[in-house]
Amino acid sequence: MRVGILTDFPSLALQSGPSIHTNFLHDGLRKRGYDLTLIGPSTDAQPANDSRVHLFKGVPYPSHPKLKVVVPQPWRQLANPPKLDLIHGQTNNHIIEWANWTRKVNGTAVINTNIIHLSTH
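Calculation rules
Residues numbered from 1 in each chain as written. Predicted model: local features only at pLDDT ≥ 70, side-chain atom pairs only at ≥ 80, totals over all residues. Heavy atoms only, no water. pLDDT = per-residue confidence, 0-100. Helix = DSSP H or I, 4+ residues; strand = E, 2+ residues; numbered from the N terminus. Pairing = 2+ DSSP bridges. Axes fitted to C-alpha atoms, helices over the stretch in contact; angles between N-to-C directions. Contact = heavy atoms within 4.5 Å. Expected span 1.5 Å × (residues − 1). Buried < 20%, exposed > 50% of the residue type's maximum accessible area, 1.4 Å probe, protein only. Salt bridge = Lys/Arg side-chain N within 4 Å of Asp/Glu carboxyl O.

Visitor: Sorry, what's going on with the confidence of the model for the chain here?
Guide: Regions with low pLDDT carry predicted coordinates that are not meant to be interpreted in detail. For the chain, per-residue confidence averages 80 on the pLDDT scale, and residues scoring 70 or more make up 78% of the total. Put simply, helix 2 (residues 74-77) is where the chain has its lowest mean pLDDT, 60, and strand 7 (residues 109-112) is where it has its highest, 94.

Spelled out as C-alpha cells, the structure:
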C-alpha cells in the first residue's frame, strides 16, 4: 500500500514532539512493508536518505522561525501529486486542503490526526 504522511515536519532529523511522532509512524509503517512518501514544506533539514518526499515551498512561521509552513500556491501544489492509496495527515495547517483535493480528484483515502494547533501553541 502506498501511504503519504502529510506533516509539517517532513525531515526525520528534526527533534520535536510532532516530528518524533512522524518518525515513529514512518519507521513503524516502513517495517510493515508500506511504500511511504513524506509530504510537507521544504525545510533547512534534509529528509532521511531512504525517504521519498513530496515537498512544497515553505516559509518561516512568524512566532517559530525555524518551523516552515506551506504557502498556498495551487498551480504548484496540484501539479504531479504522488500516487497514493492513503494520506495520513498530521497537520492543522491549510496544507490539509491539498490532501482533500487529492481525495476528491484521485479518490485517495485521507485520515487526519491533530498533533498540535500551531496558532494557539
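Visitor: How do you make sense of the sheet that holds strand 7 when you look at a structure like this?
Guide: Each strand in a sheet pairs with another by means of backbone hydrogen bonds, the pair being arranged parallel or else antiparallel. What the five strands build is an open sheet, ordered 3-2-1-6-7; its pairing is parallel. Only two strands of the sheet have a single neighbouring strand rather than two, namely strand 3 (52-56) and strand 7. For this sheet the average axis-to-axis angle between neighbouring strands, irrespective of direction, equals 20°. Of the strand pairs in this sheet, strand 2 (residues 35-41) and strand 3 are connected by five bridges, and their pairing is parallel. Its bridge partner lying in strand 3, I39 is registered against H54. This element, helix 1 (residues 17-31), spans strand 1 (2-7), strand 2 and strand 6 (86-90) of the sheet and lies at about 175° to strand 1. Contacting strand 1, strand 2, strand 3, strand 6 and strand 7, helix 3 (residues 96-106) crosses the sheet at an angle of about 160° to strand 6.

Visitor: What is the right way to read helix 1 from this model?
Guide: For an α-helix, 3.6 residues make a turn, and residues three or four places apart therefore share a direction. With 15 residues, helix 1 should cover 21 Å at 1.5 Å per step; its first-to-last C-alpha distance of 21 Å lies within 8% of that length. Inspection of helix 1 places P18, S19, T22, L25, H26, G28 and L29 among the buried residues, and these make up the whole buried set. The inward-facing, buried residues of helix 1 contact strand 1, strand 2 and strand 6. Positive backbone phi, at 90°, marks G33, one or two positions downstream of helix 1.

Visitor: Whenever I open this one, the pattern of salt bridges confuses me. Can you help?
Guide: Two side chains that carry opposite charge are able to pair once their charged atoms sit near each other. The tally for this structure, following the rule as stated, stands at two salt bridges. R2 is paired through a salt bridge with D85; the nearest N and O atoms lie 3.1 Å apart. On the criterion of sequence distance, the pair formed by R2 in strand 1 and D85 in the loop between helix 2 and strand 6 is long-range, its members being 83 residues apart. Here D35 makes a salt bridge to R52, at a shortest N to O gap of 1.9 Å. Taken together, the residues span a long stretch of sequence, with D35 in strand 2 and R52 in strand 3 at a distance of 17 residues. The exposure class assigned to D35 is partly exposed, which follows from its relative accessible area of 33%.

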